[in-house]
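Each chain is listed here by its residues.
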Amino acid sequence: MSATTFGWLILLCPLLGTVVIALAWRWLPGASAGWIATLAIALSFGLSVAALIALLGRHPAHRELSSTLWSYASSVGLDAKLQILVDPLSVFMALVVSGVSTLIHLYSVAYMASDRGYRRYFAYLNYFVFSMLLLVEAANFLLLIVGWAFVGAASYLLISFWYRRRTATAAGIKAFVVNVVGDVGLVLGTYFIFKHLGTLDFLKVFAGVKDAFAPNQGDLVAGCVLLLVGAFAKSAQIPLHTWLPDAMEGPTPVSALIHATTMVTAGVYLIARMHPLFEHAPAAQDVGAIIGCLTLLIAGTIGLAVTDLKRVIAYSTMSQIGYMIMGVSVGAYAAGLFHLMTHAFFKALLFMAAGSLIGAMAGEQSLDRMGGFRKAMPFTYVCFIFGGLALSGVPPFSGFFSKDEVLLLTANQGGWHWILYVGGYLGALLTALYTWRMIFRAFHGEPVPEALELERGTIAHGHPFNPATGEQEDTDVGFPGPEHHTAERAASMRIAMAVLAALALLGGLIQIPHFDNAISNFLRPAFADSSLYDQSPSDTLLVVGLVLGALLGVLGILIAYRVWVQRPGTAERVRRRLAPVHRLFVEKWYFDELYDIVFVRSGAAIGRFAQLSFERVVVNGVLVGGSAGLVRAGSAAVRALQDGLVRVYAALLVFGVAAVALYFLLQSS
Amino acid sequence: MNALLAVAQIKGPHLDWAGLSPLIALLGGAVTVLLLGLLRNRLVRRICVPLLTMLVLAAAAGLSIWRWHHAATLVSGALRVDDLSLLLGLVAIAAAAACVLLSLRAAAPAVAGEGEYHALLLSTVSGMVVLLAAQNFVTLFLGFELLSIPLYVLCGSELRRRGSLESGLKYLIVGSVGSATLLYGLALIYGATGSTDFSGVAAALSSGSLASDPLLLTGVALTAAGLCFKCSVAPFHQWTPDVYQGAPTPITAFQAVATKAAAFGIFLRLFDGALINAQPSWGPILAALAAITIIVGNVGALGQSSLKRMLAYSSVAQAGYMLGGVLVSTRLGLQATVFYLAIYLFMNMAAFAVIVARERETGEGDDIAGMVGLGSSRPLLAWPMTLAMLSLAGIPATAGFIGKVYLIDALVDGGYAWLAVVLVVGSMISLAYYLRVVAAMWMRPSAGVAGARPIMAGGSAEAPTATRLSGLEVSVVAALFGAATLVFGIVPSPLLSLARDAGKALTGIF
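What counts and how
Residues numbered from 1 in each chain as written. Chains lettered and ligands numbered in written order. Predicted model: local features only at pLDDT ≥ 70, side-chain atom pairs only at ≥ 80, totals over all residues. Heavy atoms only, no water. Helix = DSSP H or I, 4+ residues; strand = E, 2+ residues; numbered from the N terminus. Buried < 20%, exposed > 50% of the residue type's maximum accessible area, 1.4 Å probe, protein only. Expected span 1.5 Å × (residues − 1). Contact = heavy atoms within 4.5 Å. Salt bridge = Lys/Arg side-chain N within 4 Å of Asp/Glu carboxyl O. Domains from an automatic or database assignment. Axes fitted to C-alpha atoms, helices over the stretch in contact; angles between N-to-C directions. Parallel < 35°, antiparallel > 145°, perpendicular 65-115°, else oblique. Nonpolar A, V, L, I, M, F, W, Y, C, P; charged D, E, K, R; others polar. Buried area = accessible area lost by both parts, 1.4 Å probe. Polar contact = N/O pair within 3.5 Å; in protein donor to acceptor, adjacent residues only side chain to side chain. Patch = residues over 30% accessible without salt bridge, like charges linked within 9 Å, V, L, I, M, F, W, Y side chains within 5 Å. Areas by Shrake-Rupley, 256 points an atom, 1.4 Å probe, with all protein chains shown as cover.

Chemist: Can you tell me about the environment of Asn412 of chain A, naming the residues and giving the values?
Modeler: Residue and element names in this part refer to chain A. Tracing the backbone shows Asn412 in helix α17 (residues 398-412). Residue class for Asn412 comes out partly exposed when judged on its relative accessible area of 30%. As for Asn412 and Val330, which are separated by 82 residues in sequence, their C-alpha atoms are 9.3 Å apart.

And the structure:
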């Protein structure tokens, strides 16, 4: 079978999984829905590997294959086709997405076991994976937009999975609204490109972009910036990031899957996929690089201050995606995508470990209430350590290689990019600090009652409650189930985490500078037309970067150890001395408040005014009332003429004929 | 003897039996069915007659498919069998087949006699086939009447129900006025051009200043009015709601689809073929009629509680949409009209099949109240109805959406953008009554089937009240056409290519 056949089958498996679970859920006993879903995604992963092998069997120059299943409408002026593109980039993404998804499905089988919405959960989860794979395999803008929107919808469904929890539905709505802003950006950006090139097909667009646009031409830059809006919304970059922390209301495996490893990296994929456009519009590239750098710094500072375990990891995700966006925006495609892959490993691991810890805390997520879990949860602790080391970029963990490569290529651009370089390393220090703050606060210090209880062999079970507001809940459908699960007690969770821990440790080894460049070699055919792909920065810079990265990581860990383990009061003292700064970080740089004032409140005020003045009088009174009245009167008139008398009908017919004939006679004279 | 033989050797036209074969099958079938219906055996009448009718229709359909891409001019230029006439003929045949299935347990054939009922149905279809292939005024009128007269009878075939008789009588009277108008118009055109052939008319129009001749234009006006009557274009639509409501529902379903296909087919042939050179004269007035039709149809459908009446007004509105495809006189418009006629079959048949089923199951007749709670009680009926309503309204992922997109494209392309706007506004209004049906099915709980009294099919009050389920065949028709609505909304390309082939049949347009 050819690579494109595998490409279609990759999509088919999760789609079938969704349909089967959604239609047959009534007859699926016990945990079978979870296993069906896991199997579907595992098959997808197997098929992705098969596609990889099929692709590697071809000459590097012929590794971009596109396949059309059918044309929806090709004669109404645009070519709307169900068409996939199988090339190294899409296969790489499919491998990461389906691989990590398989593990997260496996984890969820145990984690969600007692939830009353178990089967609905897996139907959603498979639907999400299908949408994400559709997004990365799309070969034209139309299908990309479809996948993009599907992913947003799946994210909404999963964030609001516990739909009786007020905070969860609010978070789902917020995520959906922000994502729709991004969708609009994507659609408008597509329009700018379609307007000039007259096609939606990726390969045709990429081939024609240099002829259709002058470098940095206004329309192209506008189109690319609008595409960036789409990328920023999906990837939670400033200023469209506010939904991601709230999205942590969803079940923890969902956070691991969607809001850490797959959907939020769609923006990175988009920029890498659209590289011929962005390279032709360097102004848009600069926007992406600056926003990425800003995000990684701001998110890092907030991560230092928030106390909700999952939100710390969420801000860390934002920050790491900032690195990737910066990378792909300066032409470091392989490095950015490499970081995407390693990040998927260690961030999924961290989320899974966090889920295990939250299970031990019976749903509680606040770091303030955690402590001393080291002895009670040795496995989870080790996983946190692995994830933390990889995230902080300590050699030889995977994050070490990928992050430094992004920064190296940023510096290689020269000029003001050095500012980004410095910002990136500052961010690296912040990363180590907030990561190890989290780990030390949760696992070191005096054991909390829940930890002691776990050491005695029982998981804490309080009344079910909402971790964000403390509201009382029950455990029926629409709320989390009654049982809590930790990795120490559930084999499937442990397997998934162990695999990811191994990958977090070893994943970086496949791309070591000067040693093996597996990823950049594999991806090269997809970036054949790129002028930025093969850069060779000086070895001095390379070595300085690697050493600096490792040192900063270790330094951050040491500071964190001193502040939160050796002298536990230090943090309090610093906080008091720098109260305004701390306040700024805790309040998340006041982004939510700013949006509240600028968009929500002013919008509401304008709306109220418009309702009072314009809507009541003009819209309701004249337009709606008038047109409805008109239609109603028309309807009455039509029915009044329809009195059932044949003579009236015949008369009208004659009148009609007379009118038509009269018109023609007037024409003739 | 020799002299006698010499006299007997009348110089007849050459007959291309292959080209005529679908028509021969239909006419021969009609006669055979009529004769078979004379047998008094109940089994023969109840089973064999519909079976034979289906076979005849299948044969006609098979022969039509066999003649695909074999365009031929037959009987000295009286008929032309090409992809356009074959495709629309197939639509009519499919509608007739669905009608036979829907009539299997209906009251009308039992009352009127199975043989007569089915023979009349086949005659109507053969009239449509003649009309669709007509190449001169004589065959045009012959086909027109062969279509109309059996249909008048079929509308009144439920002899013991006043509504049915009223429907048939009204159709006859108003229809006769329409036919007379058409005939008068054809005569005037003949008078102006001196030819009864379409080609002769076209030739006369292309040379000289005949295009503004009062005699010709009056003829065109009367002809247009006569055809508009058959297509139920306002202000000639008045008969439509009454006839649709009163006629037996299977017949309503048949005539809603098939009559439209045949009438629009000849509209295309005559106006976009023979009269194409006078298009500047008749284009604007037809556009005005289309706009009026769209508004009147959609507005009139709003307050209806009878589903058949609602669909009658809806068919008026849809006729307005399709008239748009005719009047632009472009190949794109032609294709759009043909495509729309084809999908019109799917969506209307699905809707009428559900109405037939509900008429038999509840005592509500065709009232919208019969649809309440259908989503939970009979999802297999509710889904086709939902799809049909969404498709008629033009919601994406249904065939109706593609059809409307094509028509709008054709209108804008042909310089009638304002009519496209009217079309869109009309579709907006139409949502109000289409979605009302959807809402009734899905959003209101079933009022309790216990209260409904099951009565005889067709809502005949005189018939003995007996519990009858709607029957498998009705559900099958609904499901089949509902599925087609969805499938061709997602994969329209096969149907589009058929429409494109049919669009190549007329040569005078671009």
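Chemist: Give a description of helix α26 (residues 646-668) of chain A that names residues and reports values.
Modeler: Between its terminal C-alpha atoms α26 of chain A stretches 33 Å, which fits the 33 Å expected from 23 residues at 1.5 Å a residue. Residues of α26 of chain A that are buried in the fold lie against α25 (591-641) of chain A together with α8 (162-193), α10 (214-231), α11 (239-246) and α13 (279-302) of chain B.

Chemist: Tell me what's going on with unusual backbone geometry, and back it up with residues and numbers.
Modeler: The omega angle of the peptide bond from Ile238 of chain A to Pro239 of chain A is 5°, so this bond is cis rather than trans. By the secondary structure assignment, Pro239 of chain A is in the loop between α8 (218-235) and α9 (243-246). A cis amide bond links Ala234 of chain B to the next residue, Pro235 of chain B, at an omega of 0°. Mapped onto the fold, Pro235 of chain B is located in the loop between α10 and α11.

Chemist: Hey, could you go over the pattern of salt bridges for me, with residue numbers and the actual values?
Modeler: By the definition in use, this model includes 21 salt bridges over all chains. For Arg309 of chain B, the salt bridge goes to Asp242 of chain B, with nearest N and O atoms at 3.2 Å. Here Arg309 of chain B, found in helix α14 (residues 307-327), pairs with Asp242 of chain B, found in helix α11; they are 67 residues apart in sequence, far enough to count as distant. By the burial criterion, Arg309 of chain B is buried, and Asp242 of chain B matches it. Through salt bridges with shared partners, a single network forms among Lys174, Asp246, Glu249, Asp308 and Arg311 of chain A.

Chemist: Could you give me a rundown of the domain arrangement of chain A, with the residues and numbers involved?
Modeler: Accessible area lost on assembly of the parts is the figure often given for the size of an interface. Examined at the domain level, chain A breaks down into domain 1 (3-586) and domain 2 (592-668). Just the C-alpha atoms count here: the centres of domain 1 of chain A and domain 2 of chain A sit 50 Å apart.

Chemist: How would you summarise the packing of helix α7 (residues 137-155) of chain B against helix α12 (residues 249-274) of chain B if you had to cite specific residues and measurements?
Modeler: Residues and elements named next belong to chain B. Orientation of α7 relative to α12, taken along the N-to-C sense of each, is 170°, at an axis distance of 12 Å. Taken together, α7 and α12 sit at an angle that is classed as roughly antiparallel. For the pair formed by α7 and α12, the contact residues are Phe137, Leu140, Leu147, Leu151, Leu154 and Cys155 on the first element and Ile251, Phe254, Gln255, Thr259, Ala262, Ile266 and Leu270 on the second. A breakdown of the residues in the contact of α7 with α12 according to their chemical character gives eleven nonpolar, two polar and no charged.

Chemist: How would you summarise the interface of chain B and chain A if you had to cite specific residues and measurements?
Modeler: Taken together, the 49 residues of chain B in the interface contact 26 residues of chain A. For the chain B and chain A pair, buried surface summed over both sides reaches about 3100 Å², with 72% attributable to carbon and sulfur atoms. At the surface where chain B touches chain A, the tally comes to zero salt bridges. Inspection of the region where chain B meets chain A yields one residue pair in polar contact (both at pLDDT 80 or more).

Chemist: Lay out α11 of chain B in plain terms, naming residues and giving numbers.
Modeler: Most of α11 of chain B sits inside the fold, with seven of its eight residues counted as buried. All of the buried residues in α11 of chain B are Trp239, Thr240, Pro241, Asp242, Val243, Tyr244 and Gly246 of chain B.

Chemist: Run through the side chain of Asn179 of chain A, naming residues and quoting values.
Modeler: Residues and elements named next belong to chain A. As for its placement among the helices and strands, Asn179 is situated in helix α6 (residues 166-197). Residue Asn179 is classed as buried on the basis of its relative accessible area of 1%. In this view, Asn179 contacts Ala233, Lys234, Trp243 and Met263; residues no more than four positions away in its chain are not counted.

Chemist: Got a sec to walk through a nonpolar patch on the surface? Specific residues and values, please.
Modeler: All names here are of chain A. Taken together, the side chains of Tyr156, Ile173, Phe176, Val177, Val180, Val181, Val184 and Leu188 present a nonpolar region at the surface, about 620 Å² in accessible area. Ranked by residue count, the leading element in the nonpolar patch is α6, at seven residues. Here Val181 lies in helix α6. What makes Val181 partly exposed here is its relative accessible area of 40%.

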